[in-house]
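# Understanding the architecture of this molecule
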Amino acid sequence: MSRSDTQVERTRLRDRMVGGLRAEDHGASQRLAGWVHRRRDLGGLVFVDLRDRSGLVQLSFGPAWTEPESLALAHELGHEDVVLVEGTVERRPEGARNQEIATGDVEVRAVRLQRLSDAVTPAIPVYQSAGEPLPAEELRLQHRVLDLRREELQRNLILRHKLVIAARNYFDGLGFLEVETPMLTKATPEGARDYLVPSRVHKGEFYALPQSPQLYKQTLMISGFDRYFQIARCFRDEDLRADRQPEFTQIDVEASFVEPDDILGWMEGLVVALSQVAGLEAVRPFPRISWADSMERYGSDRPDLRFSLEISDWTKATADVDFGIIRSQVAAGGRVRGLRLPGGARLSRKEIESIEAEAKAAGALGLLWAKRTAEGLSGTLGKFISGTQADALGLGAGDLVVAAAGADKVTSPALAAARMAAAKVLGLTPEREHAWLWVTEFPVFVEEDGVLVAAHHPFVMPHKDDVHLLESNPLAVRGTAYDLVYNGTEFGSGSIRIHLPDLQRRALRVLGLKDEEIDTKFGFLLGALAAGAPPHGGIALGLDRIVQRFTGSGSLRDVIAFPKTTAARALFEGAPTQAGSAELEALGLEVTVGRKRGS
């Protein structure tokens, strides 16, 4: 903990924060303030743990040194009362030191005590003993004011603050300018629903809250600002999970006259700076892998490379296997791919089924498996293959293979899930603690339910070798796009942008937009590009996710001060709420929830 965590400028009510008191402060008179964390009443003596965001310190009250009125008040203190105390710092006797807290070598012998605020009985405890479970998350979110007093959450938010300061200092040192972009903007198709904000002045018209500052930061590049960054608030009205929130924060970056290597180099430097703040390791340069190679070898575009397990293509190796599932799937254009798990023959049928369950949850109908032991070959695949065919799969004595047959869009996510499940079941020790990775050359377009959509967003510059395929084979077009991945978690996405208006229009047409629709939705961007746009690109890293992974928190809600639930509700303040008739009338709106369309 740095000095800034434990000391703040002296105010008229207190001299310092409590967490910085040490043995060298022995004999110093101090005025301290904070919350009553715990109280132990021994009759003649009262011990109080005083807490502020910097930590805890023990106060002692006794008739030999405490004023009578203050001693009487100490007997009455309740949990979470806010108090002001004056006293002297004393070293604790050798046997009374508390090595579990930073201030454990000292206590403050309180002379005077004042209660600044009388707290009601807390609805949830702020302090938990070791091993004691936390209250239910919904209850903690309802009483967030108390939940935020917990050391874990305060530590998370302090680290978040430090990471933001480090990011700002880093980009300032590289000549980037922090520019704020609008929160009330125009709806744009970025893959999720917009939050709409009705205009009172222009009834019947709506702003949108930004899903990202994408078009604004591109406009800043066209305007000549050259290097931009922003700690940007963004909003997406989509279904939530533990790693999603309707409002989130990005470290947003854009620069002119750059190529991918420039952006990737800068972001590696940022990651090193942030990791140093968090006490983690990041060694440059980070490995790079193309999207196609990542999907082939790991089944995922955000692989966890702490483990070196890789997917193999066994289509040729199983060509002579007389197994109906394999033959039918290959005949339909699919492949046979799988994982070799050294030493996996020791796994029980139940453990193998747990791996298969993860593959099924990812969309597979099931997994084929074979193990080789001294007794021979066994398993759903093992009983159909010979020793020679097992050799072709690399199945050695004591090994296990798991495989999936079918189209890549099914087998890739299934084998990616099986890969991580196998690492867990086998108890594999990570080969590295911090696995940083760049995944590059993402496709510009993907197909969803038979419809062509932008893989990232429709402003990604196509790879120079694939521009000619835009209209004839759009699914084959690679983009100058890149994702930063940490231990299997995507931290951020970026790309070089299209800076030529004619090329941008072509890309939008590929998505099925007519020229009139393009002009309506993106006319301001095309007009800006036509004014003379430099080659430019950037990236956005998810700050919430970075803090979550750096702190080891199980949910984004543990690193955001006032998060939403998975139902997108703010339980502490009770949002969203219904609007009154007067507010709706002023906006020119009528709520028809529950009515059938046309009624």
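Residues numbered from 1 in each chain as written. Predicted model: local features only at pLDDT ≥ 70, side-chain atom pairs only at ≥ 80, totals over all residues. Heavy atoms only, no water.

### Quick notes on the pairing of strand β19 (residues 451–454)
Of the pairings in the sheet, the one linking strand β18 (residues 445–448) to β19 comprises four bridges and is antiparallel in character. Bridging from a neighbouring strand, Glu 447 pairs with Leu 452 of β19. Taking the residues that link successive antiparallel strands as the turn, the β18-β19 hairpin has two residues, and the phi of Asp 449 there is positive, at about 55°. (Pairing = 2+ DSSP bridges. Helix = DSSP H or I, 4+ residues; strand = E, 2+ residues; numbered from the N terminus.)

### As for the sheet that holds strand β3 (residues 55–61)
Here we have five strands rolled up into a closed barrel, ordered β1-β2-β3-β5-β4, and mixed in their pairing. Strand-to-strand twist across the sheet, computed as the mean angle between neighbouring axes with direction ignored, equals 55°. Bridge count for β3 against strand β5 (residues 106–117) is three bridges, and the pairing is parallel. The partner of Ser 60 across the bridge, within β5, is Arg 109. (Axes fitted to C-alpha atoms, helices over the stretch in contact; angles between N-to-C directions.)

### Observations concerning the sheet that holds strand β10 (residues 247–256)
Spatially, eight strands are ordered β6-β9-β10-β22-β21-β20-β17-β11 in an open sheet, and the strand pairing comes out mixed. Where the open sheet ends on each side, the last strands, each with one partner, are β6 (177–178) and β11 (288–290). Contacts from helix α7 (residues 260–278) reach β9 (227–235), β10, β11, β17 (436–440), β20 (481–486), β21 (489–496) and β22 (536–542), with the element oriented near 30° to β22. (Contact = heavy atoms within 4.5 Å.)

### Considerations on the nonpolar core
One finds Phe 171, Ile 251, Ile 263, Met 267, Leu 270 and Trp 436 to be the most contacted residues of the largest nonpolar core, which totals 62 residues. When residues of this core are assigned to their parent elements, the largest contribution, nine residues, is made by α7. The residues contacting Leu 270, other than those within four sequence positions of it, are Ala 167, Tyr 170, Phe 171, Ile 251 and Leu 541. With 21 residues, the next largest nonpolar core counts Leu 32, Leu 59, Leu 71 and Val 106 among its residues. (Core = buried A, V, L, I, M, F, W, Y, C linked by side-chain atoms within 4.5 Å. Buried < 20%, exposed > 50% of the residue type's maximum accessible area, 1.4 Å probe, protein only.)

### Digging into unusual backbone geometry
Note that the residue after Arg 284, namely Pro 285, is joined by a cis bond; omega there is -5°. If you trace the backbone, Pro 285 turns up in the loop between α7 and β11. The omega torsion of the bond from Ala 575 to Pro 576 falls at 0°, within 30 degrees of zero and hence cis. Take Pro 576: it is sitting in the loop between α15 (543–551) and α16 (581–587). A positive phi angle, near 55°, is found at Phe 257, a position not held by glycine. A residue is classified by how much of its surface remains accessible, and Phe 257, at 62% relative accessible area, is exposed. Phi at Asn 487 takes a positive value of approximately 50°, unusual for a residue other than glycine. With respect to the helices and strands, the residue Asn 487 is situated in the loop between β20 and β21.

### What to know about the confidence of the model for the chain
Low pLDDT means the predicted coordinates in that region are not meant to be read closely. Taken residue by residue, the chain gives an average pLDDT of 94. The fraction at 70 or more is 96%. Confidence drops under pLDDT 50 across residues 595–599; counting only partners more than four residues distant or on other chains, this segment forms one contact. (pLDDT = per-residue confidence, 0-100.)

### Remarks on helix α13 (residues 501–510)
Buried within α13 are the following residues: Leu 503, Gln 504, Arg 505, Ala 507, Leu 508 and Val 510. Turning to α13, the residues buried within the fold contact β18, β19 and α14 (515–530).

### Structural notes on the pairing of β17
Within a regular strand, the side chains alternate between the two sheet faces. The element β17 is extensively covered by neighbouring structure, given that five of its five residues are classed as buried. Neither face of β17 is open: one carries Trp 436, Trp 438 and Thr 440, the other Leu 437 and Val 439, and all of them are buried. Strand direction decides the pairing type here: β11 and β17, joined by three bridges, are parallel. What sits directly across from Ser 290, in β17, is Thr 440. One ladder, built from five bridges, connects β17 with β20; its direction is antiparallel. If you follow Thr 440 over to β20, its bridge partner there is Tyr 482.

### Structural notes on empty space enclosed by the protein
Any empty space left between the atoms is revealed when a probe the size of a water molecule rolls over them. Within this structure, the stated rule accounts for one cavity of 30 Å³ or more. Lining the largest cavity, in full, are Leu 141, Arg 144, Phe 562, Pro 563, Ala 570, Leu 571, Phe 572 and Glu 573. (1 Å grid on protein atoms, 1.4 Å probe; cavity = no way out; pocket = protein on both sides within 12 Å on 5 of 7 lines; lining within 4 Å. Points joined across faces, edges and corners; volume = space filled by probe spheres on them.)

### Some thoughts on the layout of surface pockets
Looking at the second largest pocket, its volume works out to about 930 Å³. Contributing to the lining of the second largest pocket are 35 residues, with Gly 55, Leu 56, Glu 151, Glu 152 and Arg 155 lying nearest its centre. At the level of secondary structure, the elements contributing two or more residues to the lining of the second largest pocket comprise α1 (3–6), β1 (29–41), β2 (46–52), β3 and α5 (151–173). Partitioning the lining of the second largest pocket into residue classes produces 10 nonpolar, 10 polar and 15 charged. (Nonpolar A, V, L, I, M, F, W, Y, C, P; charged D, E, K, R; others polar.)

### Here we look at a nonpolar patch on the surface
A cluster of nonpolar side chains, Val 145, Phe 562 and Phe 572, forms an exposed patch at the surface whose accessible area comes to about 280 Å². If you trace the backbone, Phe 572 turns up in the loop between α15 and α16. (Patch = residues over 30% accessible without salt bridge, like charges linked within 9 Å, V, L, I, M, F, W, Y side chains within 5 Å. Areas by Shrake-Rupley, 256 points an atom, 1.4 Å probe, with all protein chains shown as cover. Salt bridge = Lys/Arg side-chain N within 4 Å of Asp/Glu carboxyl O.)

### Concerning the packing of helix α10 (residues 349–361) against helix α12 (residues 408–426)
Helix packing geometry: the angle between the two helix axes and the distance between the axes. Their axes nearest at 7 Å, the elements α10 and α12 cross at an angle of 145°. Considering how the two elements wind past one another, α10 and α12 form a crossing that is right-handed. Between α10 and α12, the contacting residues are Glu 351, Ser 354, Ile 355, Glu 358 and Ala 359 on the first element and Ala 414, Ala 417, Ala 418, Ala 421, Ala 422 and Val 425 on the second. Its residues assigned to classes, the contact of α10 with α12 shows eight nonpolar, one polar and two charged. (Left-handed = near helix turned anticlockwise from the far one by under 90°.)

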